[in-house]
Amino acid sequence: MPTAPLLQRFVDEELSRSAALVSRVLAGALQLLRESKESGLNASERGHCVELIAALQKQGDLYQNTFVDALQRLVGEELQGASRVDLPLGAPPGFDGLELMDESLVDVDIELSRAMQLIDTTAEWELRELQTFTSTLLGHAHVTADTNPFRPLTYANALWQAACAVVTSQIQRATLLQLSAGVAAGLLKNAWAAAATRLEAQGVEPGTYRTIVLPAGSSRAPSVDVTRPGALGGLLARMPGGSPGEGRMGDATSGADNVVDASDAEKHRARRAPSARGAEFEETLLRLEVALRQLPPIDPRLPPSLVEAAARLVHHRQGLVAGASAGGDRQVIELLSRLFEAVLSDPRLSPSFRPIVARLQVAALRVALDDATMLETAAHEVWQLLDRLGDASVAYAQPDDTRGLALQTCCQSTVEELARTPAPDATLFRRALNRIDAFMAEQFQTQLRAAQPATRTLDLAERRGLLEQRLSQRLADQMVSIHTTPGVRRFVTGNWSKVLAEAMLRFGEDAERTEAYLRTVDDLLWSLQVPDHPQSRQRLVSLLPVLLQRLRAGMELIDLPRADQQGLLDELMAIHAEALRPGSRHPAVAPTPEEIVQRMRDEIVTDVPGPRPFSDSLIDLSTMDTVPADVMASGGEPADEAGKRVENLRAAERVRLFIHGRWARCQLLWRSDQGQYFLFAGDNPARNHSITRRALERLSAAGLIAQVQPKPLLQRAVDQLMREFSTAAASDPRDPRVA
């Protein structure tokens, strides 16, 4: 996608200043490292300061060049709307090339999120101001965050890649990122302010934010839980034209959850008896129908909430109210017009879905006027369909995602068919809801079928992992009384358990090859404690060729690196050479329990890190939001809560995950039987996210798993109405709607 010339010129100018910026970042980071006690580092991090100083002094040019190159590349990807492609990290043995995201990568993401948040909170206002100018450079009438390619995340990623270029230790990389991000935050605050000043001097007029400004004290606005029976009907009392006692919310003005009088429903039902409506009412609805059918497609360059004024129910309210003969009808018209106005102004409703939702207005109004139950419960089919359209509008992040376009087409045709019905009712809305649900279910099954190779691989990996654990424990029990080197012990309980598990899964437990690998364990353990006797040495000589051949075959089966293979064989050679030397050992004496425990303590070796972390994802940028500062500061959820959040994830659920340094909108496709592996459909329809349970728990504990929509569309619209009522109360206490 070509970039607007004015924006491209601005980008080129800013990139030309990146070398000077990173030079000052490097100098500031070095100063903080030298003053480590005052830089907020803990004792563990301060222990690496000397090495970091040496690395930066020696490879300062590499650090700066890597940052500049990474920033140019990342900004270019932002401009082109391309998804970021991470460097290949490799797949672990037995995963058939499938890449998986484990705890190691999650740690990196947590560090990136902290760095991003530090930059964002330090330079928040300067960034917002700069976005008003970059939106103008792109020709947008209103400000949107995605018009500015110079985002906090972009700089955090560039700083991370620069750190990776000069140090190899993860803790050193994290420490350097933390310090450099703090320095960069202050520098970017000034740089972004200067950039806005330069653009203003060039005659660029800033765009305008479409912001809802809440009055002081609005946070204490009455809360209305739409799931409570009668909650919507209770709002009628706040509409003009009704008697003070009708449909009243019990304590809505007190700020507590709404409590509706039990008699309200009966009053409401009695008031809603069918009544004649004048010709003016039908003519107004007809004009609105014509306007809705002629809605133009949404232009993404226009304000996100723009739907033609003529096509909004609120702009026809006066004519509709004039044509309604009953006071109850007038209240219903008033309430529905206000609710749909709030819905169509909701910034979370996708622009492409606004005409679809607007098309529902007439049908919803007709049902509300004739069906008393619609305002008695949020479970009514009209509201369920409205909420489902809200969910569908944010199901996919990328506007050109074929899955999202197909879902939009289904919703549009379904709603259009319903809207053309002369006398809609709850049954027709239920059919429309079922049709959309069926389409979304089929979309989910299509993705799941396409992901079957990945799910089979992950299922096999889980079975292999559980089998390895059991075998490792059995081998550890067998080796309790055996005195050997730490490397050999680690090989038997670790790598050889993988060999046995792989053989059992690939060839079967009763296969000849599997049985040979099992016999190898007995032969190997015997060879580690050969009695000092000529016959035993002779047996060892005849056993070694076959034993070594089996060991090599097993190590090849799990693709053990050549260096590790040779290291084990060298250790065994030394052990066996000693065993073949006559008279070189004292007679074997059974060790005491205390000696066995001491040997095991002496041979304990820190576990070798597992395979390199991996990921199967390309992350879209359009849903990028920074992580809330209070979440990052507090460390997120407690461990138990994080585990429960992961345990409660269900197939087809949509969440937002912060992975690979970006927020990704994902849908859970599959979880393994034991819940150790999860497969998510991501923003890119061609790639999925394969994630371990422990990685998800780490993300949850850090506050990096979030709901796509915390509240349904209807609830958000009612919340907006309550804020408006609070505003009216603050400005005019005599307003009858807030009495």
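Note that the coordinates shown come from a computational prediction; the quantities given were computed from them, not determined experimentally. (Residues numbered from 1 in each chain as written. Predicted model: local features only at pLDDT ≥ 70, side-chain atom pairs only at ≥ 80, totals over all residues. Heavy atoms only, no water.)

A.B. asks: Before we move on, could you go through helix 9 (residues 170–201) and cite the residues and values that matter?
C.D. replies: Because the α-helix completes a turn every 3.6 residues, residues three or four places apart line up on one side. Taking 1.5 Å of rise per residue, the 32 residues of helix 9 would be expected to cover 46 Å, and the 44 Å separating its terminal C-alpha atoms lies within 8% of that figure. Looking one or two residues beyond helix 9, the residue adopting positive phi is G203, at roughly 90°. (Helix = DSSP H or I, 4+ residues; strand = E, 2+ residues; numbered from the N terminus. Expected span 1.5 Å × (residues − 1).)

A.B. asks: How would you explain the sheet that holds strand 3 (residues 677–681) if you had to name every residue and give the values?
C.D. replies: The antiparallel open sheet is built from 5 strands, whose spatial order is 4-3-2-1-5. Taken across any chain shown, the strands that pair with only one partner, and hence form the sheet edges, are strand 4 (688–692) and strand 5 (705–707). Sheet twist, expressed as the mean angle between neighbouring strand axes with direction ignored, is 40°. By the bridge criterion, 5 bridges tie strand 3 to strand 4 in an arrangement that is antiparallel. Note on strand 4: the bridge partner recorded for F678 is I691. (Pairing = 2+ DSSP bridges. Axes fitted to C-alpha atoms, helices over the stretch in contact; angles between N-to-C directions.)

A.B. asks: Lay out a negative patch on the surface with the relevant residues and their values.
C.D. replies: There is a patch of like negative charges on the surface, built from E509, D510, E512 and E515. Tracing the sequence through the fold places E509 in the loop between helix 21 (486–507) and helix 22 (512–527). Judged by relative accessible area, E509 falls into the exposed class, the value being 54%. (Patch = residues over 30% accessible without salt bridge, like charges linked within 9 Å, V, L, I, M, F, W, Y side chains within 5 Å. Areas by Shrake-Rupley, 256 points an atom, 1.4 Å probe, with all protein chains shown as cover. Salt bridge = Lys/Arg side-chain N within 4 Å of Asp/Glu carboxyl O. Lys, Arg positive; Asp, Glu negative; His and termini not counted. Charge placed at Lys NZ, Arg CZ, Asp CG, Glu CD. Buried < 20%, exposed > 50% of the residue type's maximum accessible area, 1.4 Å probe, protein only.)

A.B. asks: Tell me about the nonpolar core, and please be specific about residues and values.
C.D. replies: Of all hydrophobic cores here, the largest spans 83 residues; its most connected members are Y63, F67, F680 and L696. In terms of residues, this core owes the most to one element, helix 9, which gives 13 residues. Residues contacting L696, with those up to four places away along its chain left out, are V646, L649, L657, F678, F680, I691 and I705. Residues I333, F353, V357 and Y396 belong to the second largest nonpolar core, which totals 62 residues. (Core = buried A, V, L, I, M, F, W, Y, C linked by side-chain atoms within 4.5 Å. Contact = heavy atoms within 4.5 Å.)

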